[in-house]
2 protein chains.
Amino acid sequence: MDQSDIKAAPAWQLSERAIKLTSSAIREILKVTERPEVISFAGGLPAPASFPVEEMRAAADRILRDEAIGALQYSATEGYMPLREWIAARHSGNGVTIRPSQVLITTGSQQALDLIGKVLVSPGKPILVETPTYLGALQSFSLYEPSYVQVPTDESGLIPEALTPELTAGARLLYAIPNFQNPTGRRLPLERRKALAAFAQSAPFPVIEDDPYGALDYAGQPLPTLLSMAPEHIVHLGSFSKVLAPGLRVGYIIAPEDLHFKLVQAKQATDLHTPSFTQRIVYEVVKNGFLDTHIPKVRALYRDQCDAMLDSLKRNMPEGVSWNRPEGGMFVWVTLPANVDSMKLLEEAVAQNVAFVPGAPFFAEEPQHNKLRLSFVTVPPAKIEEGVSKLAALIRARL
Amino acid sequence: MDQSDIKAAPAWQLSERAIKLTSSAIREILKVTERPEVISFAGGLPAPASFPVEEMRAAADRILRDEAIGALQYSATEGYMPLREWIAARHSGNGVTIRPSQVLITTGSQQALDLIGKVLVSPGKPILVETPTYLGALQSFSLYEPSYVQVPTDESGLIPEALTPELTAGARLLYAIPNFQNPTGRRLPLERRKALAAFAQSAPFPVIEDDPYGALDYAGQPLPTLLSMAPEHIVHLGSFSKVLAPGLRVGYIIAPEDLHFKLVQAKQATDLHTPSFTQRIVYEVVKNGFLDTHIPKVRALYRDQCDAMLDSLKRNMPEGVSWNRPEGGMFVWVTLPANVDSMKLLEEAVAQNVAFVPGAPFFAEEPQHNKLRLSFVTVPPAKIEEGVSKLAALIRARL
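Residues numbered from 1 in each chain as written. Chains lettered and ligands numbered in written order. Predicted model: local features only at pLDDT ≥ 70, side-chain atom pairs only at ≥ 80, totals over all residues. Heavy atoms only, no water.

Under an unreviewed UniProt entry, the name given to chain A is Aminotransferase class I/II-fold pyridoxal phosphate-dependent enzyme, and the source organism is Paraburkholderia acidisoli. You can read under Cofactor (unreviewed entry) in the UniProt record for chain A the words "pyridoxal 5'-phosphate". Turning to chain A, the UniProt annotation filed under Subunit (unreviewed entry) states: "Homodimer." (UniProt positions renumbered as here; feature names shortened; annotations may be inferred.)

Focus: the pattern of salt bridges
Counted under the stated rule, the structure contains 48 salt bridges over all chains. For Glu191(B), the salt bridge identified is with Lys194(B), shortest N-O distance 3.6 Å. Of this pair, Glu191(B) and Lys194(B) both sit in helix H10 (residues 190–202), three residues apart, which is roughly one turn of the helix. Through salt bridges with shared partners, one network takes in Arg62(A), Arg65(A), Asp66(A), Glu67(A), Arg280(A), Glu284(A) and Lys287(A). (Salt bridge = Lys/Arg side-chain N within 4 Å of Asp/Glu carboxyl O. Helix = DSSP H or I, 4+ residues; strand = E, 2+ residues; numbered from the N terminus.)

Section: the side chain of Arg99(A)
All names here are of chain A. Among the secondary structure elements, Arg-99 is positioned in the loop between helix H6 (81–90) and strand S2 (103–106). Taking relative accessible area as the criterion, Arg-99 reaches 17% and is therefore assigned buried. At a separation of 3.0 Å, a polar atom in the side chain of Arg-99 contacts the side chain of Glu-232. (Buried < 20%, exposed > 50% of the residue type's maximum accessible area, 1.4 Å probe, protein only. Polar contact = N/O pair within 3.5 Å; in protein donor to acceptor, adjacent residues only side chain to side chain.)

So, H10(B)
For an α-helix the count is 3.6 residues per turn, leaving residues at separations of three or four pointing the same way. Residue and element names in this part refer to chain B. Spanning 13 residues, H10 covers 19 Å between terminal C-alpha atoms, matching the ideal 18 Å at 1.5 Å per step. Along H10, the positions that sit buried rather than exposed are Arg-192, Arg-193, Leu-196, Ala-197, Phe-199 and Ala-200. Around the axis of H10, the buried residues are gathered within 160 degrees of arc, so they sit on the same side. Pointing more than 90 degrees away from the buried face of H10 are the exposed residues Glu-191 and Ser-202. (Expected span 1.5 Å × (residues − 1). Arc of directions from axis to C-beta.)

Looking at the pairing of S2(A)
Residues and elements named next belong to chain A. Residue alternation in S2 divides its side chains into two sets, Val-103 and Ile-105 and Leu-104 and Thr-106, and both sets are buried. Inspection of the sheet shows S2 paired to strand S10 (residues 251–254) by four bridges, in the antiparallel sense. Pairing of Val-103 across the sheet is with Ile-254, part of S10. (Pairing = 2+ DSSP bridges.)

Quick look at the structure:
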């Protein structure tokens, strides 16, 4: 076979949804940032220093010693029951009971978005998203061809009063990230959570609460989840990617049983089940309270990294550049002067071995071009200073 | 929260595709067969005796000792490059070169079907399937709402001459399982493979070659894959579920690069990537030729199990019942007298603690009700005899 054979490959007719598929900016940028000389504020990668490697090694060994067949054979689509029970118990309390029968284990939280797309999103029907919102959710939902309706936000996140009958008419779902949102790092305040939970209780569609970062509040003072406020009206997505390790790809969906049942059917057609072995590793590591001591360490690490980023921004950025002070999570959201296009800035930055994610792809509609997302958890503080100082110089040159 | 709260959960509007979703007969039956007293010929589960537990245990431990960060961090959507290279090399030879850039690692072969559905299947457009075909493929593709066109088959499988311009007009793909097909156990003969490969070379759509069972030919004399005959016109699906262990959920798609690229985009939106850890375990176990000694053991085990099943059928079944003699794989396909409905037979069989899968759900259209699938790899021979003898008595009672 030679190149002429390859070129002769027929142009097969793709589905409409596949024709519309585009590669994400994050993905293309991550390719560049694999070069070790690049200071990358681009990836949403958790800090490897937080991975409990020895605990996982012991867990993997014990599982393959004592329960190998269970870990290696086909298993139930819903997931490993002891893990489902553990998740249900973790979300129960204060008068709220989440049942294991509401929990579906997913192959990472990204798969939860795909399953929700399969079961709730229809071509041309509106779905409500924050302005801006998680790029990966837009990619997942877009395969099911909804029309997007953006919900207005401010510095505190989604504005519940904006959810008027006019805006929400005909919507199939509202997708929100209340904790340390990707990309803005914002946390929805308690009063707004109450208002949003009340909205969910009367809405004819579910509010999807995507919560990968909830455990990462620096002060260790989490706000209540929407799930805890309106358990039968919220679909809650959780993940072990940020508190254990993302390479295991273990996440979950908590949903009322009738929707849960449809999600299970969709998952069965999608990948039969999440790997039995990785589910059991997660359970083995978390079952005896490991996260109670582990999460505070991750919080402290991320808080220190965030402080280093905020200090560097304050020291280096020219007037006219603003940013938020995250109370948790992995991201800070930067607003440039209106005439500075973050995509063009990225090209110049990458030439100087600094990377970030431009803000535009996080908008479902009407992208804002003077925003950018900085991830601060994996770069050592000295390198944060170097990278931010280079970015500041590039911005100054454009003023 | 009490039952009244649960009942008060709103009836959210589901997508059209979700409304059509039905639970598979296999799934419902598997629930029954979890009872230890049931002799189950139902599941497509590989024999746990074939799982190389100690090799996997050593691999898992070495990976978490030497390359933990790589195994636990986010990784490339395409998959772990050394595994992709190994797969490409395994499918190369005899003048055919498969490139690592054609290989996408999937979360089991089932996910390959979902990704093909996303990228190639459009609502109302025809796709071609064998009569009968793998139930799980029908479930996956149906989420993307094609119209099905059944390709005629006989005792040797798909009949290439039946692929007339009339039958194939407007089709987006042809889905075939040439080796030890699920559910019939049939293997497509060499001459038909040549004809099907030639068809693929001129067809304006891809032929999907699903090949989970190819390594399991009892005589160790595999027939060439369609991929090897028309590498730029075939999309080949492979799996480690039947030669290593299904609980790891590691499969793959080999496709021409332009389609590969679209499949990667779809997978990114679907689950970001297959777990890094399980991919590395598979690579660690197979990289030094382990399968060359392991697969012959699995073949011998399955051949002996198949012989036990065929002997039991011959000893017990009344006249008017027929079945094929598989040359490999996990299934035998039984034809009952025309007036015996295998779904009703199943109800009676389960009451006597014997299970199988009725044939009807394997037909995309016009289900045949006097067929059933027997899986023989996990039941000890004495139990095979007991189960077949009970089935035979039930059939005899209906004659």
